[in-house]
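Notes for the structure review
Residues per chain, in single letters:
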Amino acid sequence: MPDEGRLRRDLCEIGRRMWMQGLVAATDGNFSVRLSEQHLLATPTGVNKGFMSPDEIVKIDMGGSPVEGFTRPSSEIKMHLAIYERRPDVCAVVHGHPPTATGFAAARVPVPTEILTEAHTFLGPVALVEYATPGSEGVPQALARHVKDHNLFLLENHGAVAVGSDLFQASYRLEALEQSAKIAITARLLGGAHAIEQGELAKLQQIRRELGLLPSEESCLAAGDSCGRPEPDETLVARITELVMEALGEERKVMGAG
Ligand code: 13P
């Protein structure tokens with residue numbers, strides 16, 4: 001089982017980083033992480049997520065009821081539960097209001113990840129989730145329709161949600177979504193992004209598949225202590241380097257043959 005103390009500290013650290021980067025303001029945002037099959041840790045409602053202490057984090061059961069702690073869980077906890085219910089591979093959910101991506105959400109325009117190599121590979125498509133009153137049953141209901149096929153969601157006129165196999169992966173996805181939204185705006189100002197050709201997009205999709213970045217049915221808890229700070233990052237970097245070197249090798253061969 002993951003170390004509860006470490007996960008509590010990680011939730012606070014994610015809050016601090018997101019507030020520093022302006023991905024949440026005032027009391028915006030909420031995050032949660034699986035502790036076990038039966039329990040989650042979640043941020044408390046109505047506090048600035050940049051200044052939380054580990055003892056403020058609430059332990060809840062899979063019905064959303066607090067089992068430990070002196071604070072109340074996030075008003076959006078039903079949205080988190082709807083995701084965990086449908087995605088055993090998700091160990092962490094991060095919700096924020098990143099300003100550029102939320103601008104897309106307010107305009108009800110999807111963030112186009114297929115115009116950028118990294119975004120297409122590491123983020124995949126971003127779901128545009130129909131508007132619903134924050135905190136209501138409508139949010140989990142609307143999100144549930146997209147949850148099996150996406151790791152990123154724009155909530156219309158509200159904000160963004162990212163999921164991941166640990167808290168860091170989920171928060172990096174939210175960060176990268178904001179970055180992609182900024183780049184998309186810049187490209188539009190310069191006359192519009194050029195599309196990546198279909199065959200090239202398929203290659204990136206293949207890399208995505210090989211790196212295990214597609215939504216899956218596998219439990220993120222099955223591998224043991226995998227909800228916290230990720231060890232596998234180095235493996236991922238090594239595998240990416242290998243794939244790039246392989247691709248370069250192929251190109252050299254083609255050039256040599258020509
Ligand atoms: P909570 O503080 O209740 O989690 O709400 C913040 C928020 O962003 C609601 O969408």
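Attention here is on the structure that accompanies the text. For clarity, every value in this text was computed on a predicted model and none was experimentally measured.

Quick notes on the sheet that holds strand E8 (residues 159-164)
Spatial ordering of the open sheet is given by E4-E3-E2-E1-E5-E8-E7-E6, a layout of 8 strands whose pairing is mixed. Looking along the sheet, the strands with just one partner apiece sit at the ends: strand E4 (66-68) and strand E6 (126-129). When the angles between neighbouring strand axes are averaged without regard to direction, this sheet yields 25°. Pairing of E6 with strand E7 (residues 152-155), which is carried by 4 bridges, proceeds in the parallel orientation.

A word on the site of the ligand
For the ligand, the set of nearby residues contains 13 residues, the closest of which are Gly29, Thr45, Gly46, Ser74 and Ser75. Measuring from an oxygen atom of the ligand, one finds a side-chain N or O atom of lysine 49 at 2.9 Å. The side chain of histidine 95 places a nitrogen or oxygen atom 3.3 Å from an oxygen atom of the ligand.

Points about the state of the cysteines
All told, the structure shown has 1 disulfide when counted by the stated rule. Here cysteine 91 pairs with cysteine 220 through a disulfide, and the sulfurs are 2.3 Å apart. Taking the sign of the S-S torsion, about 85° here, the bridge from cysteine 91 to cysteine 220 comes out right-handed. Note that cysteine 91 is positioned in the loop between helix H2 (77-86) and strand E5 (92-96) and cysteine 220 in the loop between helix H7 (198-210) and helix H8 (233-257), a separation of 129 residues in sequence. Across this residue pair, the class does not change: cysteine 91 and cysteine 220 are buried.

Procedures and definitions
Residues take numbers from 1 onward in each chain, read along the sequence in its written order. With the structure being a predicted model, the display of local features is reserved for residues of pLDDT at least 70 and the display and counting of side-chain atom pairs for 80 or more, all residues being used for whole-chain, interface and lining totals. Side-chain calculation: all heavy atoms of the structure are included, whereas hydrogens and water are not. Two strands qualify as a pair provided DSSP detects at least 2 bridges between them. Secondary structure elements are defined from DSSP: runs of H or I of at least 4 residues count as helices, runs of E of at least 2 residues count as strands, and each element is numbered from the N terminus. Angles run from 0 to 180 degrees between N-to-C directions of axes, and those axes are lines fitted to C-alpha atoms, restricted for helices to the stretch in contact. A cutoff of 4 Å decides nearness: a residue is near a molecule or strand if any of its heavy atoms lies inside that distance of it. Nitrogen and oxygen atoms within 3.5 Å of one another constitute a polar contact, given that in protein one can donate a hydrogen and the other can accept it, and given that sequence-neighbouring residues count only through two side-chain atoms. Working definition: a disulfide is two cysteine sulfur atoms within 2.5 Å of each other. Buried, partly exposed and exposed residues are distinguished by accessible area as a fraction of the type maximum, computed with a 1.4 Å probe on protein chains only: under 20%, between the cut-offs, and over 50%, respectively.

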